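# Fold and contact review
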Amino acid sequence: MNQIPKEVFGDKDLFEKELENIFYGDCWHVVGHVAEVPNVGDFKTFDLGRVPLLISRGKDGQVRVFYNSCTHRGNQVEVSASGNRKEFECPYHRWLFSLEGALTACPGSKEFAPDFKQENFGLLEVKSAQFLGLILVTMGKNTPPLAEWMGEEVTSTLSALLGGDGRLKLLGYQKVSYNVDWKGYNDNDGYHAPMLHAGFRMLNWQGGKGFQRMAANGNLVFEAELKPAQDNGFLKDPSLIAFKGSDPARGSMIVQLYPTTVMVKHLDMINLRFAIARSEEETEVHYAYFAHEDDDEELLQHRIRQSSNLLGPCGMISMEDAAIFRRIFIGNKTPGVAEFQKGVTSFTELPADLKQNDETGNLGRWEHYRKLMGFKREGGK
Ligand code: FES
Ligand SMILES: [Fe+2]
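Residues numbered from 1 in each chain as written. Chains lettered and ligands numbered in written order. Predicted model: local features only at pLDDT ≥ 70, side-chain atom pairs only at ≥ 80, totals over all residues. Heavy atoms only, no water.

## Topic: the overall build of the protein
Of regular secondary structure, the protein possesses 9 helices and 19 strands. Computed over C-alpha atoms, the radius of gyration of the protein comes to 22 Å, within 12% of the 21 Å expected from 2.2 N^0.38 for 381 residues, which places it in the range of a compact globule. If you line up the protein on its principal axes, its C-alpha atoms span 70 × 55 × 35 Å. The proportion of buried residues among the 381 residues of the protein is 51%. Within the protein, residue pairs in contact and separated by at least 24 positions form 67% of the contacts whose partners lie at least 6 positions apart. Approximately 17,700 Å² of the protein is accessible, and the part contributed by carbon and sulfur atoms is 51%. The averaged location of the 51 negative side-chain charges in the protein is 2 Å from the averaged location of its 43 positive side-chain charges. (Helix = DSSP H or I, 4+ residues; strand = E, 2+ residues; numbered from the N terminus. Rg over C-alpha atoms; globule rule 2.2 N^0.38 Å. Buried < 20%, exposed > 50% of the residue type's maximum accessible area, 1.4 Å probe, protein only. Contact = heavy atoms within 4.5 Å. Areas by Shrake-Rupley, 256 points an atom, 1.4 Å probe, with all protein chains shown as cover. Lys, Arg positive; Asp, Glu negative; His and termini not counted. Charge placed at Lys NZ, Arg CZ, Asp CG, Glu CD.)

## Overview of a negative patch on the surface
Where like charges cluster on the molecular surface, the negative patch consists of Glu 7, Asp 11, Asp 13 and Glu 378. On the secondary structure map, Glu 7 appears in the loop between strand 1 (3-5) and helix 1 (12-23). On the accessibility criterion, Glu 7 (61% relative accessible area) is exposed. (Patch = residues over 30% accessible without salt bridge, like charges linked within 9 Å, V, L, I, M, F, W, Y side chains within 5 Å. Salt bridge = Lys/Arg side-chain N within 4 Å of Asp/Glu carboxyl O.)

## Describing the sheet that holds strand 4 (residues 51-57)
Strand order in the open sheet formed by 4 strands is 5-4-3-6, with antiparallel pairing between adjacent strands. In this open sheet, the two strands that pair with only one neighbour each are strand 5 (63-67) and strand 6 (82-84). Ignoring strand direction, the axes of neighbouring strands in this sheet form an average angle of 25°. Direction of pairing for strand 3 (residues 42-48) relative to strand 4: antiparallel, over a ladder of 6 bridges. If you follow Phe 43 over to strand 4, its bridge partner there is Ser 56. (Pairing = 2+ DSSP bridges. Axes fitted to C-alpha atoms, helices over the stretch in contact; angles between N-to-C directions.)

## Quick word on the pairing of strand 10 (residues 127-131)
Both faces of the sheet carry side chains from a regular strand, because those side chains alternate between them. By the bridge criterion, 5 bridges tie strand 10 to strand 11 (residues 134-138) in an arrangement that is antiparallel. When the sheet's bridge partners are listed, Phe 131 is paired in strand 11 with Leu 134.

## Concerning the sheet that holds strand 8 (residues 96-97)
The antiparallel open sheet is built from 3 strands, whose spatial order is 7-8-9. Because the sheet does not close on itself, it has two edges, and the strands there are strand 7 (88-89) and strand 9 (103-105). Bridge count between strand 7 and strand 8: 2 bridges; the pairing is antiparallel. When the bridges of strand 8 are listed, Phe 88 appears paired with Phe 97.

## Here's the deal with the coordination of the iron ion (ligand 2)
Put simply, a metal with four donors set out as a tetrahedron has ideal angles of 109.5 degrees, and one with six donors set out as an octahedron has ideal angles of 90 or 180 degrees. Taken together, the protein donors to the iron ion (ligand 2) comprise His 192 (NE2), His 197 (NE2), Asp 321 (OD) and Asp 321 (OD), at separations of 2.2 to 2.6 Å. For the iron ion (ligand 2), the 4 donor atoms in the first shell make angles of 53 to 152° at the metal, so the coordination geometry reads as irregular. We note that the donor set of the iron ion (ligand 2) lies within a single chain, spaced as H-x4-H-x123-D. The exposure class of His 192 is buried, given its relative accessible area of 19%. Classification of His 197 as buried rests on a relative accessible area of 2%. (Donors = N, O, S within 2.8 Å, 3.2 Å for Na, K, Ca; no water. Tetrahedral: all angles 85-135°; square planar, octahedral: opposite > 155°, others 65-115°.)

## Thoughts on the nonpolar core
Ranked by size, the top nonpolar core spans 59 residues in total, and within it Leu 134, Trp 149, Leu 158 and Leu 257 carry the most contacts. Inspection of this core shows a minimum of three residues originating in each of domain 1 (28-130) and domain 2 (152-373). Excluding its chain neighbours within four sequence positions, the residues that come into contact with Trp 149 are Asp 26, Cys 27, Trp 28, Leu 136, Pro 144, Ala 216, Asn 217, Asn 219, Leu 257 and Tyr 258. Core analysis: the next-biggest nonpolar cluster, separate from the first, contains 25 residues, Ala 193, Leu 226, Ala 275 and Val 285 among them. (Core = buried A, V, L, I, M, F, W, Y, C linked by side-chain atoms within 4.5 Å. Domains from an automatic or database assignment.)

## Notes on the environment of Glu 225
Locating Glu 225 in the fold gives a position in the loop between strand 14 (220-224) and strand 15 (252-257). Separated by 100 residues in sequence, Glu 225 and Glu 125 place their C-alpha atoms 41 Å apart.

## Overview of the domain arrangement of the protein
Entries for the protein in the domain assignment read domain 1 (28-130) and domain 2 (152-373). Its C-alpha centre places domain 1 at a distance of 32 Å from the equivalent point of domain 2. When domain 1 packs against domain 2, close to 1,100 Å² is buried across both sides, 61% of that on carbon and sulfur atoms. Where domain 1 meets domain 2, there are 1 salt bridge. As a salt-bridge pair, Asp 47 and Arg 278 come within 2.7 Å of each other at their nearest N and O atoms. Contributions of two or more residues to the side of domain 1 that touches domain 2 are made by strand 2 (29-33) and strand 3. With 5 residues, the single largest contributor to the side of domain 1 that touches domain 2 is strand 2. (Buried area = accessible area lost by both parts, 1.4 Å probe.)

## Focus: helix 9 (residues 361-373)
With 10 of its 13 residues buried, helix 9 lies for the most part within the structure. Listed as buried for helix 9 are Gly 361, Asn 362, Leu 363, Gly 364, Arg 365, Trp 366, Glu 367, His 368, Tyr 369 and Met 373. On its buried side, helix 9 packs onto strand 1, helix 1, helix 4 (182-186), strand 13 (210-214), strand 14 and strand 15. A positive phi of about 75° marks Gly 374, the residue just after helix 9.

In structure tokens, the structure reads:
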């Protein structure tokens, strides 16, 4: 089980089946963090596959996730990426919805059908759950409870990654459209980082000891110690890569929640990547950067500088990703299989022990994909 048929990448029909089986199926999907909507009336829109969602903080302080669709004729209620409203107004016939989703006014209702009851026409909520402010939704009928779905291995790393208590403060976003399907984007591995990304070599940056673990349902955690980079004169201001946090032993963390969410805590950056599977040829990723609510001004500025220079589509240590994702998309139009080698010890079992830079960490994700899609293994591989 170390080979993936190339035909699974970028296939239109397969993408439709993935929407049904995975994105609208029994999985949890990260759609945001409550720190993106800190005040009453704040909202954010997001898509789960093709399904538009509206995330709103109500007057009671609660964050709810609705289908972004008017209960009258289905018009999309909000189209801005984010903002603040006193109420939501559908522009088509001016139905008004409260921040908590209730229908509060609808012009001409005296002439509505005899069985019309205003209280039955609130915005429809999507099933959601939170983990330290991280907002997840599911449209599946048999999705396990969130804690069970994430798996125990995830909890400790994800808590630390989210600042220990999830009290985050949004710094900003970078948005990028990768021209590859969500699997090509998601098949990123630890093996490639020091090989592909010239930034690591230029900055003379070596990782410390760490581990990688598979969790339930295709989820994955990674942690590594931070070794301070030795200044080699490449940067005019080496404080860009300084670590001001308190625990270098857990200085680098990655949590990948199946199918598309990647969350990273690296140096002093807290980066949650919210991905939208747009098509078999496009994955839109919102890189959201956070600080902790308790940070002083100096740490805040440091986090902003680090986030905007190191990660994301034009970050020094990740800018090559977009080009590689596209080349994966093109290269995999050829016959044959994509091979996994680093860390493979068996052709029939998933590896129990992963080294931190093994590419076999991805195989748990692929195995989960195979099950969700109902595919059989071929030739035991
Ligand atoms: S569709 Fe929204 S008010 Fe008619
Ligand atoms: Fe990368």
